[in-house]
Amino acid sequence: MRGPRRRLPALPALLWLALAPLPGAPGPAARAELRVRVRLPGGQVTEESLQADSRSDCISLELRTADGALVTLTADFRQEVKIFRALILGELERGQSQFQALCFVTRLHRNEIIPSESMAKLRQKNPRTVRQAEEVRGLEHLSMDVAVNFSKGAQLSSHIHNVCAEAKEAIYTREEDVKFWLEKGVDGSMFEVLPQTSDLPDLQRCRLCADRWKPCICSYSLSIEWYPCMLKYCRSRDAGGKVSSYKCGIRSCQKGYTFDYYVPQKQLCLWDEET
């Protein structure tokens with residue numbers, strides 16, 4: 001929409017922030033959803049769902065990857081918590097269940113992603129446009145050396161109860177993030193340090209382990225192919241020459257993650273095999 005008193009810069013095929021509520025749009029405390037078409041690394045196109053709830057100050061992004069896994073990122077700004085969930089299709093012919101669920105919980109840092117109230121105002125000019133991130137952020141490799149007790153997880157973030165319901169026995173975090181949360185007063189009894197190679201000299205990476213029933217260190221990689229990581233600001237000048245800035249769009253990013261974590265048997269990590 002072009003305002004009568006100032007000229008917005010051309011933003012073809014981009015998302016922008018609505019500067020005023022649109023007719024019928026959710027109010028500031030409502031839950032808002034946006035669906036965006038995103039190109040995956042192999043060239044396939046998938047639909048990504050972005051949801052924002054300014055009342056609980058959280059956002060959620062969900063997309064299906066090329067291998068069929070359903071990946072969800074939930075950012076709880078109030079508790080400074082990020083939750084990654086992956087629903088991975090199982091290999092039925094190898095004795096696995098229909099799908100396997102994993103949850104990885106990490107600290108949410110400031111300025112990683114735009115605020116929930118800004119996400120709730122996102123609109124797009126052309127919903128059919130296929131989007132690719134403007135910025136590729138570096139791969140983050142995380143050692144998830146602590147298990148989170150599902151029944152107590154709500155003390156860390158109320159969203160764990162819903163997001164990780166299918167992954168009750170597979171919720172992982174990092175010791176350094178645990179220290180941060182403990183300093184904020186979170187109950188430490190929900191955390192359990194997992195075995196590491198320093199504790200068990202015979203503990204191998206799953207890709208090197210020949211026995212499917214032995215414990216090992218599993219690796220799982222995922223990528224958030226498109227997300228609004230920064231706000232863009234434009235400048236305007238009034239009749240008196242005074243310059244002011246206003247929100248006029250977003251910058252999009254892509255970021256990949258690799259999580260290493262302990263599993264009691266390689267059967268739970270069949271994707272991590274030497275090729």
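Right above here is the structure, for reference.
Novice: Is there a simple way to explain the side chain of Glu-225 in this structure?
Specialist: Residue position: Glu-225 is located in strand E15 (residues 216-237). Put simply, Glu-225 is tucked away with no salt bridge, and the nearest opposite charge, on Arg-39, sits 10 Å away. Reaching out from Glu-225, the side chain makes a polar contact with the side chain of Ser-223 at a distance of 2.9 Å. In contact with Glu-225, not counting residues within four places along its chain, are Val-38, Leu-40, Pro-41, Leu-63, Ala-133, Cys-253 and Gln-254.

Novice: What is the right way to read helix H3 (residues 175-183) from this model?
Specialist: Within the span of H3, buried status applies to Asp-177, Val-178, Phe-180 and Trp-181. Buried residues in H3, looked at end-on, bunch into an arc of 160 degrees, giving them a common side. Along H3, exposed side chains directed more than 90 degrees from the buried face belong to Glu-176, Lys-179 and Glu-183. In the core, the buried residues of H3 are packed alongside strand E6 (81-89), strand E7 (99-107), strand E11 (146-148), strand E12 (171-173) and strand E13 (191-193). Once H3 ends, the next one or two residues include Gly-185, with phi positive near 100 degrees.

Novice: Mind showing me how you'd approach the sheet that holds strand E10 (residues 135-144) here?
Specialist: Strand pairing in a sheet takes place through backbone hydrogen bonds and is either antiparallel or parallel in direction. Strand order in the open sheet made by the four strands is E10-E16-E15-E14, with mixed pairing throughout. Sheet topology places E10 and strand E14 (204-205) at the edges, where each strand pairs with a single neighbour. For E10 and strand E16 (residues 243-263), the ladder comprises eight bridges, and the chain directions are parallel. Looking across to E16, one finds that Glu-140 is bridged to Tyr-257.

Rules used in this analysis
- Residues numbered from 1 in each chain as written.
- Predicted model: local features only at pLDDT ≥ 70, side-chain atom pairs only at ≥ 80, totals over all residues.
- Heavy atoms only, no water.
- Helix = DSSP H or I, 4+ residues; strand = E, 2+ residues; numbered from the N terminus.
- Buried < 20%, exposed > 50% of the residue type's maximum accessible area, 1.4 Å probe, protein only.
- Lys, Arg positive; Asp, Glu negative; His and termini not counted.
- Salt bridge = Lys/Arg side-chain N within 4 Å of Asp/Glu carboxyl O.
- Polar contact = N/O pair within 3.5 Å; in protein donor to acceptor, adjacent residues only side chain to side chain.
- Contact = heavy atoms within 4.5 Å.
- Arc of directions from axis to C-beta.
- Pairing = 2+ DSSP bridges.

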